[in-house]
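Here is how the chains run, residue by residue.
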Amino acid sequence: MSELLAFGRFEVGRLLRSWKFLIITVGFPVIFYMLFLGDRRAGRVVDGTVPWRVYLMVSMCSFGALVAALTAGGARLSTERASGWARQLRLTPLPAWAYVAIKVTAIMLVILPVLVLVEIVGTTFGGVSLGASTWVELTALLWVTALPFAVLGVFIGFMVHAETAFPVVTALMFVLGYFGGLFNPVSSMPRALRDAAHVLPSFHDAALGLGLLDGRGLDVAHWLVLAGYAAILGLAIIVKHRIEEARGLS
Amino acid sequence: MKTWNAPTGQESQPAAPGSGVATALRFDGITHRYGAHLALDHLDLEVACGETLALLGPNGAGKSTTIAVFLGLLRPQAGTVEVLGTTPRKAVAQGRVGAMLQTGSGSGLPPGVRVDATLRLVRRLYREPAPFDVTVERAGIGPLLGRQTHRLSGGQAQRVRFAIAIAGDPELVFLDEPTAAMDVQGRRAFWRMIRQFADEGRTIVVATHHLQEADRIADRVVVVNHGQVVANGPGATLKAAVAARRVRFSCDHPDERQLDELEGVTDVEVQGRCVTLNSLDADATVRAIMRRSISFCDLEVTGAGLEEAFVELTGRGRLADDRCEP
């Protein structure tokens, strides 16, 4: 158990010491948030239930979690696997499942401060005010539901070559962000795009956060989609690992 | 080329001197194919506990694949493998195995972290690691501890990777081309270090394509090519084989039996008028040819730089295949 803690601390420490990682993960959601704050729709109501400023904060929380997860996993992990370090760890007693689990956990740990940061921007500049217990509930909810993003980050690191991982990650950030309705409410999109959004985990992630705040509650369908994503991507990582074992990890 | 297969070097017996030495590694008919490429071809291999073995062969001979199978990184398609009395995966999980593998373009180290932090982490992953200072001393990385891993030179990174390989105090260590990024002096120091580590009673397998290095470090050398053991014997036997020369000439009606009795000759190959002799003493052999008045032309004595012997051992050709004019 102590070796898992040591590895977890090592991983989080490496992430927090990486300037590239910090600038992208902190910069992206905060800058996007600031840009959208000047939107002319400010003051409107989204879907008839949610004030625009609340929608925006929850969306930027989701987007922040997504960016953090894809940056922490993605190209970073892909490069690390190509460099031989991941293989070196396989030659220690650390089990293969622990390597993947710690990677996901480390990503989850760095997502939490990103959520808090976006929320701070929300209260200071975004005009969002919530009760203390609601803040805690919202943060906890958005954190737990970020799990599929964390698994997605690791998934990309396992599946995509180091050279191509960066463009793939960038594309994913904007596809999941835009079509998941994080930059624009899904209700304002054409019908086809609205249907397509329901396939994306980013849509369901933000929908749960909004459900908590507008009193509609947490629809079980959202949970199911998110859990499905985490499970399928996690399974794919395991399968990839098995294949590498049979073929030899170069 | 079969001349230097040591009589004791049969694959079925551990080659370490003295019976009753436990077996550290065993390959039994290991076969593995990458697509159409046959990487390991019914390979049998045995390494005794405490032995230092060099796996020698050109690039692509199957050395790295052999090591990958021993480490459980690759599941072979056929054959059985045993490591320290158990399966590769279990031996690794028990923390009894260390390895320094080839890393291609990468450094094999995690970027954005200091050398000491990396080594401390690796130690934590083992139940009974060697003391931190001992590992630092063994690998000679004291001056590198405060450096960032991505700021190391190639040779420095190799040393750090060696420290990582031995951090868990393993009984068995694999080194795949460990001196690849080092200059001559670095190489010498590195081999001294490995020699010391081996002398503590560990089993070490070194894959290399440098004949001299293999000879200097190893108790026994196994030459691998095309996924098979081509030759197998102690370093001294290897040296003797390497000292051998080839004597070639053409003559009418060569008498194979007579040629075989010439001084120094260990092997005779006759093809038409073309004669190739393997000799441990080319001078004596040529004198004997003259004495017996064997009429020859196109006499040629070749051989025997270390590299040439190695090329011969692993090369495609049989003795008299090339360069012999009728």
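Bear in mind the structure is a predicted one, so any value in this text is a computation, not a measurement.

A. Region of the structure containing the sheet that holds strand β2 (residues 37-48) of chain B. Residue and element names in this part refer to chain B. Pairing is antiparallel in the open sheet, where three strands are placed in the order β2-β1-β4. Two strands close off the open sheet at either side, each with one partner strand: β2 and β4 (78-83). Neighbouring strand axes in the sheet, compared pairwise and without regard to direction, differ in orientation by 15° on average. Strand direction decides the pairing type here: strand β1 (residues 23-34) and β4, joined by five bridges, are antiparallel. Looking at the pairing, D28 lines up with T80 of β4.

B. Geometry of the nonpolar core. The biggest cluster of nonpolar side chains holds 119 residues, and the ones touching the most others in it are M60(A), I111(A), I141(B) and F162(B). Setting aside residues up to four positions removed in sequence, M60(A) forms contacts with P29(A), F32(A), Y33(A), F36(A), V118(A), L182(A) and F183(A). The next biggest cluster of nonpolar side chains, apart from the first, holds 31 residues, and it includes A24(B), V47(B), L71(B) and V97(B).

C. Fine view of the pairing of strand β10 (residues 245-250) of chain B. All names here are of chain B. The buried fraction of β10 is high, at five of six residues. As paired elements, β10 and strand β12 (residues 274-279) share six bridges and run antiparallel to each other. Among the inter-strand pairings, R245 is bridged to a residue of β12, identified as S279. Examined bridge by bridge, β10 and strand β13 (residues 297-302) share four bridges and lie antiparallel to one another. Bridge pairing in β13 places S250 opposite C297.

D. Expanded view of a nonpolar patch on the surface. All names here are of chain A. Taken together, the side chains of V144, L218, V220, W223 and L224 define a hydrophobic patch exposed on the protein surface, amounting to about 460 Å² of accessible area. By residue number, the principal contributor to the nonpolar patch is helix α12 (residues 220-247), which donates three residues. Along the chain, L218 falls in the loop between α11 (201-214) and α12. The exposure class of L218 is partly exposed, given its relative accessible area of 38%.

E. Summary view of a negative patch on the surface. Taken together, the side chains of D255(B), E256(B), D260(B) and E261(B) define an acidic patch exposed on the protein surface. Here E261(B) lies in the loop between α9 (256-260) and β11 (265-271).

F. Molecular detail of the interface of chain B and chain A. Contact with chain B, which involves 34 residues of that partner, is made by 26 residues of chain A. When chain B packs against chain A, close to 2,500 Å² is buried across both sides, 60% of that on carbon and sulfur atoms. At the boundary of chain B and chain A, one finds zero salt bridges. At the boundary of chain B and chain A, one finds five residue pairs in polar contact (both at pLDDT 80 or more). Of all the secondary-structure elements, those providing two or more residues to the side of chain B that touches chain A are β1, α2 (88-93), β5 (97-100), α3 (115-124) and α5 (154-166) of chain B.

G. Representation of the packing of helix α1 (residues 2-16) of chain A against α3(B) within the structure. Taken N-terminus to C-terminus, the directions of α1(A) and α3(B) make an angle of 155°; their axes are 9 Å apart at the nearest point. In terms of orientation, α1(A) and α3(B) fall into the roughly antiparallel class. Pair α1(A) / α3(B) crosses with left-handed handedness. Across the interface between the two elements, S2(A), E3(A), A6(A), F7(A), R9(A) and F10(A) from α1(A) touch A117(B), T118(B), L121(B) and R124(B) from α3(B). Classifying every residue of the contact of α1(A) with α3(B) gives five nonpolar, two polar and three charged.

H. Examining α11(A) more closely. Residue and element names in this part refer to chain A. With 14 residues, α11 extends 20 Å from end C-alpha to end C-alpha; this agrees with the ideal 20 Å at 1.5 Å per step. A large share of α11 lies buried, amounting to 12 of its 14 residues. Turning to α11, its buried residues are P201, S202, F203, H204, D205, A206, A207, L208, G209, L210, G211 and D214. Just downstream of α11, G215 is the residue with a positive phi angle, here 85°.

I. Structural context of empty space enclosed by the protein. Residues and elements named next belong to chain A. Under the counting rule described, the total for this entry stands at four cavities of 30 Å³ or more. Volume-wise, the second largest cavity comes out at about 120 Å³. What lines the second largest cavity is a set of 13 residues, among which A86, R90, A96, Y99 and H241 lie closest to the centre. If you list the elements that add at least two residues to the lining of the second largest cavity, you get α5 (85-90) and α6 (96-124). The leading source of residues in the lining of the second largest cavity is α5, at four residues. Of the residues that constitute the lining of the second largest cavity, the class distribution is nine nonpolar, one polar and three charged.

J. Region of the structure containing the environment of R26(B). All names here are of chain B. Mapped onto the fold, R26 is located in strand β1. For the pair R26 and W191, spaced 165 residues apart in the sequence, the C-alpha separation amounts to 25 Å. Look past the residues within four positions of R26 in its chain and what remains in contact with it is L45, E46, F70, T80, V81 and E82. A polar atom in the side chain of R26 sits 3.1 Å from the side chain of E46.

K. Broad picture of the packing of aromatic side chains. All names here are of chain A. Under the criterion given, the structure shown has 20 aromatic pairs over all chains. Between F63 and F183 the ring centres are 5.0 Å apart and the planes differ by 80°, which places this aromatic pair in the edge-to-face class. Within this pair, whereas F63 is found in helix α3 (residues 52-72), its partner F183 is found in the loop between α9 (162-179) and α10 (191-197), the two being separated by 120 residues in sequence. F63 sits in the buried class, given a relative accessible area of 0%.

Cut-offs used in this document
- Residues numbered from 1 in each chain as written.
- Chains lettered and ligands numbered in written order.
- Predicted model: local features only at pLDDT ≥ 70, side-chain atom pairs only at ≥ 80, totals over all residues.
- Heavy atoms only, no water.
- Pairing = 2+ DSSP bridges.
- Helix = DSSP H or I, 4+ residues; strand = E, 2+ residues; numbered from the N terminus.
- Axes fitted to C-alpha atoms, helices over the stretch in contact; angles between N-to-C directions.
- Core = buried A, V, L, I, M, F, W, Y, C linked by side-chain atoms within 4.5 Å.
- Buried < 20%, exposed > 50% of the residue type's maximum accessible area, 1.4 Å probe, protein only.
- Contact = heavy atoms within 4.5 Å.
- Patch = residues over 30% accessible without salt bridge, like charges linked within 9 Å, V, L, I, M, F, W, Y side chains within 5 Å.
- Areas by Shrake-Rupley, 256 points an atom, 1.4 Å probe, with all protein chains shown as cover.
- Salt bridge = Lys/Arg side-chain N within 4 Å of Asp/Glu carboxyl O.
- Lys, Arg positive; Asp, Glu negative; His and termini not counted.
- Charge placed at Lys NZ, Arg CZ, Asp CG, Glu CD.
- Buried area = accessible area lost by both parts, 1.4 Å probe.
- Polar contact = N/O pair within 3.5 Å; in protein donor to acceptor, adjacent residues only side chain to side chain.
- Parallel < 35°, antiparallel > 145°, perpendicular 65-115°, else oblique.
- Left-handed = near helix turned anticlockwise from the far one by under 90°.
- Nonpolar A, V, L, I, M, F, W, Y, C, P; charged D, E, K, R; others polar.
- Expected span 1.5 Å × (residues − 1).
- 1 Å grid on protein atoms, 1.4 Å probe; cavity = no way out; pocket = protein on both sides within 12 Å on 5 of 7 lines; lining within 4 Å.
- Points joined across faces, edges and corners; volume = space filled by probe spheres on them.
- Phe/Tyr/Trp six-rings, centres within 6.5 Å; stacked < 30°, edge-to-face > 60°.

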